[in-house]
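Read off the chains here:
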Amino acid sequence: MTSRKAKDVEFIGFDLGHGETALARAFAQGHAEPEILEYRGTRSLVTAVAKEGRNIRIGSEALSLSEAQIWAKFKSPDLDAPEVREPLTLFTRALIDGLAKDSSLRGAAESHFLIGCPSGWDAQTRTHYRNLFVKADGLKQARIVSESRAALMTALEHGYLSM
């Protein structure tokens, strides 16, 4: 794999919410607003995943399968619980693979992910959360960002606050 120039580094903001998920993309030296990525025509999707045999569906598609095991609202600091870990992994893999297949992002191995996490999660839980994305989901470059910090930075960048 050829190395890319620093200005060409792709950053993906990953807001995996309890009920809704969205991703945005920006480049290291870019001056353009981050672009919200679309997954199958939608800019945000329901945080739900369904497994029916080998068939994995996410978002609203997951909720329409009748003979599947369905998980929704699975985000939790109890990351070792199977009802948290399995759907989190299935959902993330399907989303990132789908976006890479559509060329909306470069992929788990090349994109740099900034993943939001609740501000109340302690350092150990945040590390465990990051490791789950790196080890189980294959995100080679992943950094956890406090949701409150991300919200503040957005407000500052858009001029909602003045210093």
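We now turn to the structure provided with this report.

Things to note about the sheet that holds strand S6 (residues 55-58)
Right, so step 1: Strand order across the open sheet formed by three strands is S6-S5-S7, with antiparallel pairing between neighbours. At either end of the open sheet lies a strand with only one pairing partner, and these are S6 and strand S7 (69-72). Strand-to-strand twist in this sheet, taken as the mean axis angle between neighbours without regard to direction, amounts to 15°.
Right, so step 2: With four bridges connecting them, strand S5 (residues 48-52) and S6 associate as antiparallel partners.

Concerning the pairing of strand S1 (residues 10-16)
Right, so step 1: Covered by surrounding structure in S1 are Glu10, Ile12, Phe14 and Leu16 only, the residues Phe11, Gly13 and Asp15 on the alternate face being uncovered.
Right, so step 2: Inspection of the sheet shows S1 paired to strand S2 (residues 20-27) by seven bridges, in the antiparallel sense. Counterpart to Ile12 in the pairing with S2 is Arg25.
Right, so step 3: The antiparallel pairing of S1 with S2 creates a hairpin that spans three residues between the two strands.
Right, so step 4: The pairing of S1 with strand S8 (residues 112-117) spans four bridges and is classified as parallel. Paired with Gly13 across the bridge in S8 is Leu114.

A few points about the pattern of salt bridges
Right, so step 1: Overall, the coordinates contain eight salt bridges when judged by the stated rule.
Right, so step 2: For Arg106, the salt bridge is made with Asp8, and the minimal N-O distance between the two is 3.0 Å. Of the two residues, Arg106 is situated in the loop between helix H2 (82-101) and S8 and Asp8 in the segment before S1; the sequence distance between them amounts to 98 residues.
Right, so step 3: For Arg25, the salt bridge is made with Glu10, and the minimal N-O distance between the two is 3.2 Å. Of the two residues, Arg25 is situated in strand S2 and Glu10 in strand S1; the sequence distance between them amounts to 15 residues.
Right, so step 4: According to the relative accessible area criterion, Glu10 is buried, its value standing at 1%.
Right, so step 5: Among the charged side chains, a salt-bridge network with shared partners connects Glu10, Arg25 and Glu35.

Let's talk about the environment of Asp137
Right, so step 1: Tracing the sequence through the fold places Asp137 in the loop between helix H3 (123-136) and strand S9 (141-146).
Right, so step 2: Once the C-alpha coordinates of Asp137 and Ile96 are considered, the two residues, 41 residues apart in sequence, prove to be 8.9 Å apart.
Right, so step 3: For Asp137, the residues in contact, after removing those within four places along its chain, are Leu88, Thr89, Thr92, Arg93, Ala108 and Leu132.

Rules behind the numbers
Residues numbered from 1 in each chain as written. Predicted model: local features only at pLDDT ≥ 70, side-chain atom pairs only at ≥ 80, totals over all residues. Heavy atoms only, no water. Pairing = 2+ DSSP bridges. Helix = DSSP H or I, 4+ residues; strand = E, 2+ residues; numbered from the N terminus. Axes fitted to C-alpha atoms, helices over the stretch in contact; angles between N-to-C directions. Buried < 20%, exposed > 50% of the residue type's maximum accessible area, 1.4 Å probe, protein only. Salt bridge = Lys/Arg side-chain N within 4 Å of Asp/Glu carboxyl O. Contact = heavy atoms within 4.5 Å.

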